[in-house]
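Each chain, letter by letter, is given below.
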Amino acid sequence: MPEGPELHLASRFVNEACRGLVFGGCVEKSPVSRNPEVPFESSAYCISSSARGKELRLTLSPLPGAEPPRGPLALVFRFGMSGSFQLAPRDALPAHAHLRFYTAPPGPPLALCFVDIRRFGHWDLGGEWQPGRGPCVLLEYEQFRENVLRNLADKVFDQPICEALLDQRFFNGIGNYLRAEILYRLRIPPFEKAREVLEALQQRRPSPELTLSQKIRAKLQNPDLLELCHSVPKEVVQLGGKGYGPESGEDDFAAFRAWLQCYGMPGMSSLRDRRGRTIWFQGDPGPLAPKGGKSRKKKSKGAQQGPEHRMEDPLLPSTAPPRTRGAHRGPPEQSRVEQPEGTSLQQDPEAPRVPEKLRPRRIKADTPSLENEGTAAS
């Protein structure tokens, strides 16, 4: 499930893959996608990208002398649960390539594709970031920190800290694996009240007697939760690689798996939050843990796991051979399919709430039952 670092890496991939390429013709949308048509046609244009939180902006810029004369067009993508960009030969498009940008002659015929198996991803015309999303935890740290501490009276901070961390109005870019890693490093129980965790940060001020280098050293040695919301995603970006999944190799996945300390790791416990998301942690879950919720501890690598553990394991690498140059990072998709609901930014929109009485069932990726992705803002 792509989070802030994965969107940032996807943007980097697009810029590197498309550097020097000239695209031409119309933008092609798959007939099964319910996203909007892209009314763009040019004999020669280039593609560039930028990312902010859990959104990626793609800009199509006509080259001088291109026909018909027109200005650039920008699209903003939200990846949902399985979105990614891939560059592939035109005659060997990847499955589920729901938006395609074709290169112009005389170069080799290629296509930049937005690939989305579950079709929860979405794109909007116009290039505007989704209203209501907070500053990016990666690129706008000072604004992000100020936005959180200035708004602690918001009711979202009455919730457990693990749930508040998925609110994209304040934590734009944080998702399920990042929240687990951040809370684990600080030994914060996931079901502590968010306001109680964050209010102490309002009073945190470095001593005026410290030099700048001493202040930086103190911050690195003893970071608070908001600082880790910035530095932990940066660590994932620094891992680099092309990601993992059907379009990547085991090496990229192994690097990410070695980096993880908590999410899906042996010896960690897990609980479902109110949205149906699994939060991984160690020790006491905290006073706001769901009543009746049973914490399950993941067995060590040497222990035999039953089917229920294998289904919840978010770290099973894909065995599919690499087919295309891809740009998807993030834990491989779990076996359970969760249906999106609503467009609220007060939760991680890729992770909809699943009614406890609803028995999850396997669904083929491209069936009409999954075509409500337009209602989920990822």
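Residues numbered from 1 in each chain as written. Predicted model: local features only at pLDDT ≥ 70, side-chain atom pairs only at ≥ 80, totals over all residues. Heavy atoms only, no water.

A. Representation of the pairing of strand β8 (residues 110-116). Of all seven residues in β8, seven are buried, a share of seventy percent or more. Taking every second residue as pointing to the same face, both faces of β8 are buried, with Leu110, Leu112, Phe114 and Asp116 on one and Ala111, Cys113 and Val115 on the other. Here strand β6 (residues 83-89) pairs with β8 via seven bridges, running antiparallel. Across the sheet, the residue bridging to Pro89 is Leu110, located in β8. Relative to β8, strand β7 (residues 97-102) runs antiparallel, the two sharing five bridges. (Buried < 20%, exposed > 50% of the residue type's maximum accessible area, 1.4 Å probe, protein only. Helix = DSSP H or I, 4+ residues; strand = E, 2+ residues; numbered from the N terminus. Pairing = 2+ DSSP bridges.)

B. Examining the nonpolar core more closely. In this structure, Val148, Phe157, Ile161, Phe171, Leu198, Leu225 and Leu226 are the most contacted members of the largest nonpolar core, which totals 44 residues. Among the elements of the structure, α2 (141-150), α3 (161-164), α4 (176-186), α5 (194-202), α7 (225-239), α8 (250-259) and β11 (278-281) are those that each provide at least two residues to this core. When residues no more than four places from it in sequence are discounted, the contact partners of Phe171 are Val137, Phe144, Val148, Phe157, Ala164, Leu165, Leu198, Leu226 and Cys229. (Core = buried A, V, L, I, M, F, W, Y, C linked by side-chain atoms within 4.5 Å. Contact = heavy atoms within 4.5 Å.)

C. Seen up close, the sheet that holds strand β3 (residues 41-52). As summarised here, the arrangement of the five strands in space is β1-β3-β4-β5-β9, forming an open sheet in which the pairing is antiparallel. On the outer flanks of this sheet lie β1 (23-26) and β9 (122-125), each paired with one strand and no other. Strand-to-strand twist in this sheet, taken as the mean axis angle between neighbours without regard to direction, amounts to 35°. With eight bridges connecting them, β3 and strand β4 (residues 55-62) associate as antiparallel partners. Paired with Ser50 across the strands is Arg57, a residue of β4. Across the sheet, helix α1 (residues 4-18) is in contact with β1, β3 and β4; its angle to β3 comes to roughly 150°. (Axes fitted to C-alpha atoms, helices over the stretch in contact; angles between N-to-C directions.)

D. Geometry of the pattern of salt bridges. Tallied over the full model, the rule gives 15 salt bridges. Between Glu55 and Arg133 there is a salt bridge whose closest N-O contact spans 3.8 Å. Linking Glu55 in strand β4 with Arg133 in the loop between β9 and α2, this pair joins segments that are 78 residues apart in sequence. A relative accessible area of 7% means that Arg133 is categorised as buried. (Salt bridge = Lys/Arg side-chain N within 4 Å of Asp/Glu carboxyl O.)

E. Molecular detail of the sheet that holds strand β10 (residues 269-272). Across the sheet, three strands lie side by side as β11-β10-β12; this open sheet has antiparallel pairing. If you trace the sheet from one side to the other, it starts and ends with β11 and β12 (296-297), each paired once. Where β10 meets β12, two bridges bridge the pair, whose relative direction is antiparallel. In the sheet register, Ser269 faces β12, and the bridge partner there is Lys297.

F. Up close: the pairing of β10. One ladder, built from four bridges, connects β10 with β11; its direction is antiparallel. From the neighbouring strand, Leu271 faces β11, where its bridge partner is Ile279. In this structure, the hairpin formed by β10 and β11 is closed by a connection of five residues, where Gly276 is found at a positive phi of approximately 85°.

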